[in-house]
Amino acid sequence: GAVVSQHPSWVICKSGTSVKIECRSLDFQATTMFWYRQFPKQSLMLMATSNEGSKATYEQGVEKDKFLINHASLTLSTLTVTSAHPEDSSFYICSATPGEGNTDTQYFGPGTRLTVL
Amino acid sequence: GEDVEQSLFLSVREGDSSVINCTYTDSSSTYLYWYKQEPGAGLQLLTYIFSNMDMKQDQRLTVLLNKKDKHLSLRIADTQTGDSAIYFCAEKGGGFKTIFGAGTRLFVKA
């Protein structure tokens, strides 16, 4: 149980285009989903926290107009990188928790590698 | 602020035990986690420990927690080549966020 999927697993796009990444919890309802960015050989950087039906909470330094997050249902959150540039190239990972509160463990998706040419 | 630190590399021979260490600063940590990341993949939860526990064992994995020193370790017994990966220590404190360490790269030599 507690499987999280991401789609696509990798994407290559041209500079200036927008890219949407989906994160789905397959066998549980995720009240909260997290979006992370990981640079090569570095740890995960939390970008934003999203709760179903409400606006995402962005971490300091993360542009909310650049990285649009929609948590439309209890099993789906999307991250849209708008007007992507080469510096947005990274590994994006989502995670989901089955319920509210501080005690729930995060289950991670397999990640999406974005390359912007 | 909250911080989690780990050594960056560890190299062991196949069959030996691996011990990966982690220190954290948040004294209000409630849960501490170990995640494994293989190349090009997301994070896989290996194990976790409540802050009121000293030790947890799960097959080849043993987690030790010294809450006084804010030190967490992961021991992998009989390390195999398939254990080669990056291991992340993480802690969840009073807030909603989970704080991750930079990850320890484990190299297992055959």
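Higher on the page you've got the structure.
This report concerns the structure included in the present document. (Residues numbered from 1 in each chain as written. Chains lettered and ligands numbered in written order. Predicted model: local features only at pLDDT ≥ 70, side-chain atom pairs only at ≥ 80, totals over all residues. Heavy atoms only, no water.)

1. Considerations on the interface of chain A and chain B
Part 1: Facing 24 residues of chain A, the contacting portion of chain B comprises 22 residues.
Part 2: Summing both partners gives a buried area of about 1,700 Å² for chain A against chain B, and 54% of it is carried by carbon and sulfur.
Part 3: For the interface between chain A and chain B, the tally reads five residue pairs in polar contact (both at pLDDT 80 or more).
Part 4: Of all elements in the fold, only strand E4 (32-38), strand E5 (44-51), strand E9 (90-97) and strand E10 (107-108) of chain A reach the threshold of two or more residues within the side of chain A that touches chain B.
Part 5: In terms of residue count, E4 of chain A provides more of the side of chain A that touches chain B than any other element does, four residues in total. (Contact = heavy atoms within 4.5 Å. Buried area = accessible area lost by both parts, 1.4 Å probe. Polar contact = N/O pair within 3.5 Å; in protein donor to acceptor, adjacent residues only side chain to side chain. Helix = DSSP H or I, 4+ residues; strand = E, 2+ residues; numbered from the N terminus.)

2. Things to note about the nonpolar core
Residue and element names in this part refer to chain A.
Part 1: The biggest cluster of nonpolar side chains holds 24 residues, and the ones touching the most others in it are Trp-35, Phe-67, Leu-79, Tyr-92 and Leu-114.
Part 2: Secondary-structure elements contributing two or more residues to this core are strand E2 (10-13), strand E3 (19-25), E4, E5, strand E7 (67-73), strand E8 (76-81), E9 and strand E11 (112-116).
Part 3: Aside from chain neighbours lying at most four places away, what touches Leu-79 is Val-19, Lys-20, Ile-21, Trp-35, Phe-67, Leu-68, Ile-69 and Tyr-92. (Core = buried A, V, L, I, M, F, W, Y, C linked by side-chain atoms within 4.5 Å. Buried < 20%, exposed > 50% of the residue type's maximum accessible area, 1.4 Å probe, protein only.)

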